[in-house]
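Structure at a glance
In case you want the letters, here they are:
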Amino acid sequence: MHQIEVSNFSIDVIRKSIKNMHLSVYPPTGRVRIAAPLNVDDEAVKLFAISKLAWIKKNQRKFQMQDRQMPRVFEQRESHYFEGKRYLLRVTEQNAPPRVEIKTKTYIDLFIRPNATVEQRQNYINEWYRKQLKNHIPQLIEKWEPIIGVSVSDWGVKQMKTKWGTCNIDQKRIWINLELAKKPYNCLEYIIVHEMIHLIERHHNENFLAHLDKNLPKWKLFKDELNRLPVSHGEWEY
């Protein structure tokens with residue numbers, strides 16, 4: 001991958017074994033990437049980008065207007081998200097094993113030992129998020145395997161800086177970003193379906209999009225929903 005300059009901003013160019021050029025603008029910063037066929041030179045890519053400038057700028061403005069979360073410090077009444085809903089953090093110090101609970105529509109309760117550090121508080125919350133995702137993911141994989149016609153050999157949850165999910169095609173393993181615990185259930189389902197379709201089609205080409213359209217006709221709505229929700233400082237692509 002390399003960069004070209006068009007109209008005072010940089011565009012990432014990646015060459016693939018595809019027939020047509022594909023343009024993407026990624027949240028949260030509006031990073032632009034063009035996937036181009038192997039035999040297309042940079043000049044042709046620049047001309048393609050110039051023809052799409054209005055669309056690029058429109059989508060960049062959309063991402064620039066999106067709400068952003070400042071880094072969390074896990075203090076009283078700090079905003080945190082779970083399954084697309086905003087909660088206030090309520091911290092209770094006690095001499096007992098840490099735990100996280102949601103019992104009301106307003107609060108996420110974090111029970112911690114006195115003098116727990118910010119890092120420890122974050123770890124407790126993240127492990128709770130991980131547990132919630134692990135409760136949902138097997139059901140979704142089981143639901144979609146016969147629909148898509150694939151078999152997932154293994155899956156996992158991990159913190160990723162730039163992707164909502166990844167797929168190891170050879171090992172038939174998918175990874176889901178821990179951040180998806182904060183997003184609505186249908187966004188999690190969309191990412192799982194997206195990664196499972198990679199077991200049929202490696203590239204984000206016309207064939208891949210056709211499988212998405214067939215199996216999850218509302219996938220664009222779910223993708224837009226991900227874009228509308230508050231995002232962290234990471235840069236996501238999907």
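The structure displayed is predicted, hence computed values, not measured ones.

A few points about the overall build of the chain
- Counting its secondary structure elements, the chain contains six helices and 11 strands.
- Overall, the chain is about 65 × 45 × 25 Å in size when its C-alpha atoms are taken along their principal axes.
- Here the analysis covers contacts within the chain between residues at least 6 apart in sequence; of these, 49% occur between residues at least 24 apart.
- Entry remark: accessible area of the chain is about 13,100 Å², with carbon and sulfur atoms responsible for 49%.
- Distance between charge centres in the chain, computed from 39 positive and 28 negative side chains, equals 3 Å.

Observations concerning helix α4 (residues 185–197)
- Its 13 residues place the ends of α4 18 Å apart at the C-alpha level, agreeing with the 18 Å of an ideal helix rising 1.5 Å per residue.
- Extensive coverage of α4 is indicated by the burial of 11 of its 13 residues.
- Where α4 is concerned, the buried positions are C187, L188, E189, Y190, I191, I192, V193, H194, E195, M196 and I197.

Comments concerning the side chain of N205
- Structurally, N205 is set in the loop between α4 and α5 (206–215).
- Apart from the residues within four sequence positions on either side, N205 is in contact with I18 and H22.

Concerning a positive patch on the surface
- Side chains of K57, K58, R61 and K62 sit close together on the surface and give a patch of like positive charge.
- Along the chain, R61 turns up in helix α2 (residues 53–64).

Section: the sheet that holds strand β3 (residues 22–26)
- The strand order across the open sheet built from four strands is β1-β2-β4-β3, with neighbouring strands paired in mixed fashion. Each end of this open sheet is capped by a strand with a single partner; those strands are β1 (2–6) and β3. Going from strand to strand, the sheet's axes swing by 30 degrees on average, the running direction of each strand aside.
- With six bridges connecting them, strand β2 (residues 9–16) and strand β4 (residues 31–37) associate as parallel partners. From the neighbouring strand, R15 faces β4, where its bridge partner is A36.

Conventions used here
Residues numbered from 1 in each chain as written. Predicted model: local features only at pLDDT ≥ 70, side-chain atom pairs only at ≥ 80, totals over all residues. Heavy atoms only, no water. Helix = DSSP H or I, 4+ residues; strand = E, 2+ residues; numbered from the N terminus. Contact = heavy atoms within 4.5 Å. Areas by Shrake-Rupley, 256 points an atom, 1.4 Å probe, with all protein chains shown as cover. Lys, Arg positive; Asp, Glu negative; His and termini not counted. Charge placed at Lys NZ, Arg CZ, Asp CG, Glu CD. Expected span 1.5 Å × (residues − 1). Buried < 20%, exposed > 50% of the residue type's maximum accessible area, 1.4 Å probe, protein only. Patch = residues over 30% accessible without salt bridge, like charges linked within 9 Å, V, L, I, M, F, W, Y side chains within 5 Å. Salt bridge = Lys/Arg side-chain N within 4 Å of Asp/Glu carboxyl O. Pairing = 2+ DSSP bridges. Axes fitted to C-alpha atoms, helices over the stretch in contact; angles between N-to-C directions.

These figures come from the coordinates and say nothing about function on their own.
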